[in-house]
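Secondary and tertiary structure notes
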Amino acid sequence: MRVKAELEPDAEDAAPSADMITPYDEQHYITYLRLLDAKADGADWTEVARIVLLRDPVAEPDRTRRCWESHLARAQWMTKVGYLRILEEAANEQNSTLH
């Protein structure tokens, strides 16, 4: 990991959509986990956006909803694709230190 994960980093309006792990992703690993936990628990998206993403769903409902959807989609991508990238990177680093 190149960037330290933070407990409550500032969330951009949209999470990355690249097919690779970005520094933003690394900084937001905890955010993604919190979003996935909240989704699994059936939490109301407005409360999750307020608590996890530090957004105001009353003052900016559309912007907040897009932010929450984007970050949740990225969190779900991390569970299906992103973690494989992390494993591949770790294996490549390990192999390069062995040779």
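Residues numbered from 1 in each chain as written. Predicted model: local features only at pLDDT ≥ 70, side-chain atom pairs only at ≥ 80, totals over all residues. Heavy atoms only, no water.

Overview of the side chain of threonine 64
To be explicit about the condition: Only runs of H or I of at least four residues qualify as helices and only runs of E of at least two qualify as strands under DSSP, and these elements are numbered from the N terminus. Note on definitions: a residue-residue contact is assigned when non-hydrogen atoms from the two residues lie within 4.5 Å.
The topology assignment puts threonine 64 in helix H4 (residues 61-98). For threonine 64, the contacting residues outside a window of four places in its chain are Trp45, Ala49, Arg55, Asp56 and Pro57.

Notes on the side chain of threonine 22
Summarising the element assignment, threonine 22 is placed in the segment before helix H1 (23-27). Ignoring any residue separated from it by four or fewer positions in sequence, one finds threonine 22 in contact with Pro16 and Arg74.

So, the packing of helix H2 (residues 29-41) against H4
As a reminder, the rule being used: For helices, the fitted line uses only the C-alpha atoms of the stretch in contact; every axis is such a line through C-alpha atoms, and the angle between N-to-C directions lies from 0 to 180 degrees. Each angle gets one of four labels, with under 35 degrees taken as roughly parallel, over 145 as roughly antiparallel, 65 to 115 as roughly perpendicular, and the rest as oblique. The crossing is said to be left-handed when, going from far helix to near helix, the turn is anticlockwise and less than a right angle, and right-handed when the turn is clockwise. Each residue is assigned to one class: nonpolar for Ala, Val, Leu, Ile, Met, Phe, Trp, Tyr, Cys and Pro, charged for Asp, Glu, Lys and Arg, and polar for all the others, Gly among them.
At a closest axis distance of 9 Å, the pairing of H2 and H4 adopts a crossing angle of 110°. One element, H2, and the other, H4, form an angle in the roughly perpendicular class. Here the hand of the crossing between H2 and H4 comes out left-handed. Each of Tyr29, Tyr32, Leu35, Leu36 and Lys39 in H2 lies in contact with H4, whose residues at this interface are Trp68, His71, Leu72, Arg74, Ala75, Gln76, Met78, Thr79 and Ile86. Counted by class, the contact of H2 with H4 contains nine nonpolar, three polar and two charged residues.

Let's talk about H2
Where we set the bar: Multiplying 1.5 Å by the residue count of a helix minus one yields the expected span of that helix. The cut-offs for exposure are 20% and 50% of the maximum accessible area for each residue type, with area from a 1.4 Å probe on protein chains only; residues under the lower value are buried, those over the upper are exposed, and the others partly exposed.
End to end, H2 covers 18 Å across 13 residues, agreeing with the expected 18 Å (1.5 Å per residue, within 8%). Along H2, the residues that are buried comprise Tyr29, Thr31, Tyr32, Leu35 and Ala38. Against the buried residues of H2 lie H1, helix H3 (45-51) and H4. At the exit of H2 stands glycine 42, carrying a positive phi of roughly 75°.

Observations concerning a nonpolar patch on the surface
Threshold: Like-charged residues are merged into a patch within 9 Å and nonpolar side chains (Val, Leu, Ile, Met, Phe, Trp, Tyr) within 5 Å, provided each residue has over 30% relative accessible area and no salt bridge. Only the protein chains shown count as covering a residue, and every accessible area follows the Shrake-Rupley method with a 1.4 Å probe. When a carboxyl oxygen of Asp or Glu lies within 4 Å of a side-chain nitrogen of Lys or Arg, that pair is called a salt bridge.
A surface patch of nonpolar side chains, amounting to about 350 Å² of accessible area, comprises Tyr83, Leu84, Ile86 and Leu87. As for its position among the elements, tyrosine 83 is in helix H4. Exposure remark for tyrosine 83: the relative accessible area of 40% places this residue in the partly exposed category.

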